Amino acid sequence: MKNASASFAYQQSAAHGASPLGQVMALYDTILRDFRRALAAIESGDAEARVFETNHALAVVAHLENVLDHKRGGEAAKHLSSFYKVTRALIMEASVNSSSVAIEKLIDQYKLLRDAWHQVELQSPAAAAPAVPAAPQASTPAAQISRAPSTTDATETPRATWSA
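Residues numbered from 1 in each chain as written. Predicted model: local features only at pLDDT ≥ 70, side-chain atom pairs only at ≥ 80, totals over all residues. Heavy atoms only, no water.

1. Observations concerning the environment of Leu21
Formally: Helix and strand definitions follow DSSP, with helices as H or I runs of at least four residues and strands as E runs of at least two, each counted in order from the N terminus. Three exposure classes are used, based on accessible area relative to the maximum for each residue type with a 1.4 Å probe and protein chains only: buried under 20%, partly exposed in between, and exposed over 50%.
Note on placement: Leu21 falls in helix 2 (residues 20-44). Classification of Leu21 by relative accessible area gives buried; the value is 4%. Separated by 93 residues in the primary sequence, Leu21 and Arg114 place their C-alpha atoms 10.0 Å from one another.

2. Details of the environment of Lys105
For Lys105, the position within the fold is in helix 5 (residues 100-123). Judged by relative accessible area, which is 53%, Lys105 ranks as exposed. Considering only alpha carbons, one finds Lys105 and Leu90, 15 residues apart in sequence, at a separation of 9.6 Å.

3. Section: helix 2
Each α-helix winds once per 3.6 residues, and so residues spaced three or four apart point in a common direction. The line we're drawing: The span you would expect from a helix comes to 1.5 Å times its residue count less one.
With 25 residues, helix 2 should reach 36 Å at 1.5 Å per residue; the first-to-last C-alpha distance of 36 Å fits that figure. Just beyond helix 2, the residue with positive phi is Gly45, at close to 75°.

4. Description of the packing of helix 2 against helix 3 (residues 47-66)
Rules: Axis angles are defined between N-to-C directions and span 0 to 180 degrees, where every axis is a line fitted to C-alpha atoms and, for a helix, only to the segment in contact. Here roughly perpendicular refers to angles of 65 to 115 degrees, roughly parallel to angles under 35, roughly antiparallel to angles over 145, and oblique to all remaining angles. The crossing is said to be left-handed when, going from far helix to near helix, the turn is anticlockwise and less than a right angle, and right-handed when the turn is clockwise. Every residue pair with non-hydrogen atoms within 4.5 Å of one another is taken to be in contact.
Direction vectors running N to C along helix 2 and helix 3 enclose 160°, while the axes themselves pass 8 Å from each other. Compared by their axis directions, helix 2 and helix 3 come out roughly antiparallel. For the crossing formed where helix 2 meets helix 3, the hand is left-handed. Of helix 3, the residues touching helix 2 (which contributes Val24, Leu27, Tyr28, Thr30, Ile31, Asp34, Phe35, Arg37, Ala38, Ala41 and Ile42) are Ala49, Arg50, Glu53, Thr54, His56, Ala57, Val60, Val61, His63 and Leu64.

5. Section: the pattern of salt bridges
The test is simple: Within this document, salt bridges are pairs made up of a side-chain nitrogen of Lys or Arg and a carboxyl oxygen of Asp or Glu, the two lying within 4 Å of each other.
One pass over the full model with this rule turns up five salt bridges. Between Asp29 and Arg114 there is a salt bridge, with its nearest N and O atoms 2.7 Å apart. Of this pair, Asp29 sits in helix 2 while Arg114 sits in helix 5; the two residues are 85 residues apart in sequence, bridging distant segments of the chain. The exposure class assigned to Arg114 is buried, which follows from its relative accessible area of 17%. The salt bridge partner of Arg88 is Glu65, with a shortest N-O separation of 2.2 Å. Taken together, the residues Arg88 in helix 4 (residues 70-97) and Glu65 in helix 3 connect sequence positions 23 residues apart.

6. Quick notes on the packing of aromatic side chains
Aromatic ring pairs are described here by two measures, namely the spacing of the ring centres and the angle between the planes. How we decide: Stacked, tilted and edge-to-face are the three classes applied to pairs of Phe, Tyr and Trp rings, where Trp contributes its six-membered ring and a pair requires centres within 6.5 Å; stacked means planes under 30 degrees apart, edge-to-face means over 60, and tilted covers the rest.
Summed over all chains, the structure comprises four aromatic pairs. A ring pair is formed by Phe35 and Tyr110, whose centres lie 5.8 Å apart and whose planes are at 65°; its orientation type is edge-to-face. Residue Phe35 is located in helix 2, and its partner Tyr110 is located in helix 5; the two are separated by 75 residues in the primary sequence. For Tyr110, a relative accessible area of 0% corresponds to the buried category. Through successive ring pairs, a cluster of aromatic residues spans Tyr28, Phe35, Phe83, Tyr84 and Tyr110.

7. Topic: the confidence of the model for the chain
Low-pLDDT portions of the prediction should not be read for the details of their coordinates. Note the following rule: Scored from 0 to 100, pLDDT records how confident the predictor is in each individual residue.
In this model, the chain carries a mean pLDDT of 77, and residues with pLDDT of at least 70 account for 65%. At the level of individual helices and strands, the chain shows its lowest average pLDDT in helix 1 (residues 2-16), which scores 50, and its highest in helix 3, which scores 97. Within the model, the stretch residues 6-10 combines pLDDT values under 50 with eight contacts to residues more than four positions away or in other chains. Below pLDDT 50 for its whole length, residues 134-164 participates in 72 contacts with residues either more than four positions away or in separate chains.

The structure is reproduced here in C-alpha cells:
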C-alpha cells in the first residue's frame, strides 16, 4: 500500500508538469486503467466495482469531450466528439451487460487513440499546444477532482488527478 501511495504522488507530480498533449494522454491512461479494473471486477463478479470503474471512465470521457476546442480543432474536434458520444453509450452498455468482450473492445479503441496522441506529441515541438483539446484549467471543477489509489491492487498504478 505504501508503494501505491508513492506511485500516486509521483503520477500527480508528473501530470502537473506534463505538456498539454501529455495531460490528454494521462486522461486516456486513466480511462484505460478504469477499463482494466472493470474487467477484473467482471471476472470476480464484483458488480459494485464494475459500476464504479465504468462510471469513472464515463466521467473522464465527458471531461475530455467538454475540453475539446471546436474553434481551433475543426473536423478533428467534431470527430472526437462523435467518438466520445458513441463510446459513452458503449461503456454504459458494457457495464449494464457485464460484458468483458465489450470492455476489451473499448480498451482497444482508447489505446489506439492514446497511441495516436503519443505519436503527435513525439512529432510536435515541446512548446506546441494541441490543436484539438484544450488543457484543463486548474479552476475548472473537473480539474479539482482526484481519485485515491485502489486498495484492491497495490501493484497497479493509481489514477491520475483530473488536473492532468
